[in-house]
Amino acid sequence: AWVLLNIICGAISDNFLTLKLIIATFVNSCIFYFIKRRTRYYFLGILFYSVFLYLNLNFNALRQSVSIAFFLLAYLDFADRKYGRYCAWAICAFLFHVSGIISFILPLLKYVRVNSKSLFLYGIILVLLLLVALRTGILQDALTTFLTTGIEFSGENISNLGNRYADVNGDLVN
């Protein structure tokens, strides 16, 4: 989905700022719509968003921010019990970034009971999963991949940017 968005934006303009403008418009519209639907204090929600998340979502993590926007739309449909639309938004969130997998866990959390015993049990399970991830090297591989793929795209043509994500193994391709 990210490559398709890059290709579409590349057809409109060869400038990377076009992609950023389209993403920022979509993400901010989704976040403001979410704030309007889920809180009575719109301006306080917008203030918190502006102070804590605005810079990161609009300038740093572009793929993740699109995934978050789709997740927020999915959550609104999940709360309204529109499960078909929820699944469609969740798939879109996952197609833009792997962190969108969290949106598929949301329905399972509906059936989780929260009390002191269950929180203790969940904490033990989390610690065990982290220990397994550390012992097997999965966490180190994920962190290494995350830290080494941060590339500066300033001044680069957007038509070349879409080709960077074509490799299945996660290796950047020029």
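To keep things clear, this report deals only with the structure shown in the data block.

### Side note on the packing of aromatic side chains
Then comes step 1: Applying the stated criterion across every chain, the model contains 11 aromatic pairs.
Then comes step 2: Seen from their ring centres, Phe32 and Tyr49 are 5.8 Å apart, and the 90 degrees between their planes marks the pair as edge-to-face. With a gap of 17 residues between them, Phe32 in helix α2 (residues 16–38) and Tyr49 in helix α3 (residues 42–52) connect regions that are remote in the sequence.
Then comes step 3: For Phe32, a relative accessible area of 36% puts it in the partly exposed group.
Then comes step 4: Its relative accessible area of 4% is what places Tyr49 among the buried residues.
Then comes step 5: Grouping aromatic residues by their ring pairs yields a cluster made of Phe26, Phe70, Trp89 and Phe96.

### Quick word on the packing of helix α5 (residues 62–79) against helix α6 (residues 83–96)
Then comes step 1: Orientation of α5 relative to α6, taken along the N-to-C sense of each, is 170 degrees, at an axis distance of 8 Å. The orientation of α5 relative to α6 falls into the category roughly antiparallel. Along the contact surface, α5 presents Arg63, Val66, Ser67, Phe70, Phe71, Leu73, Ala74, Tyr75, Asp77 and Phe78, while α6 presents Tyr83, Arg85, Tyr86, Trp89, Ala90, Cys92, Ala93 and Phe96.
Then comes step 2: Residues belonging to the contact of α5 with α6 are distributed by class as follows: 14 nonpolar, one polar and three charged.

### Here we look at the pattern of salt bridges
Then comes step 1: Summed over all chains, the structure comprises two salt bridges.
Then comes step 2: Where Arg37 meets Asp80, a salt bridge forms, and the shortest distance between an N and an O atom there is 2.5 Å. Residue Arg37 is found in helix α2, and its partner Asp80 is found in the loop between α5 and α6; the two are separated by 43 residues along the sequence.
Then comes step 3: With relative accessibility at 36%, the residue Asp80 sits in the partly exposed group.

### Things to note about the environment of Ile8
Then comes step 1: Here Ile8 lies in helix α1 (residues 2–12).
Then comes step 2: With 11 residues separating them along the chain, Ile8 and Leu19 place their C-alpha atoms 9.0 Å apart.

### Looking at the side chain of Ser103
Then comes step 1: If you trace the backbone, Ser103 turns up in helix α7 (residues 102–109).
Then comes step 2: What makes Ser103 buried here is its relative accessible area of 0%.
Then comes step 3: Engagement of the side chain of Ser103 in a polar contact is seen with the backbone oxygen of Gly100, the distance being 2.5 Å.
Then comes step 4: In this view, Ser103 contacts Phe71, Tyr86, Ala90 and Ala93; residues no more than four positions away in its chain are not counted.

Reading the values: the criteria
Residues numbered from 1 in each chain as written. Predicted model: local features only at pLDDT ≥ 70, side-chain atom pairs only at ≥ 80, totals over all residues. Heavy atoms only, no water. Phe/Tyr/Trp six-rings, centres within 6.5 Å; stacked < 30°, edge-to-face > 60°. Helix = DSSP H or I, 4+ residues; strand = E, 2+ residues; numbered from the N terminus. Buried < 20%, exposed > 50% of the residue type's maximum accessible area, 1.4 Å probe, protein only. Axes fitted to C-alpha atoms, helices over the stretch in contact; angles between N-to-C directions. Parallel < 35°, antiparallel > 145°, perpendicular 65-115°, else oblique. Contact = heavy atoms within 4.5 Å. Nonpolar A, V, L, I, M, F, W, Y, C, P; charged D, E, K, R; others polar. Salt bridge = Lys/Arg side-chain N within 4 Å of Asp/Glu carboxyl O. Polar contact = N/O pair within 3.5 Å; in protein donor to acceptor, adjacent residues only side chain to side chain.

Coordinates in, geometry out; function isn't part of it.
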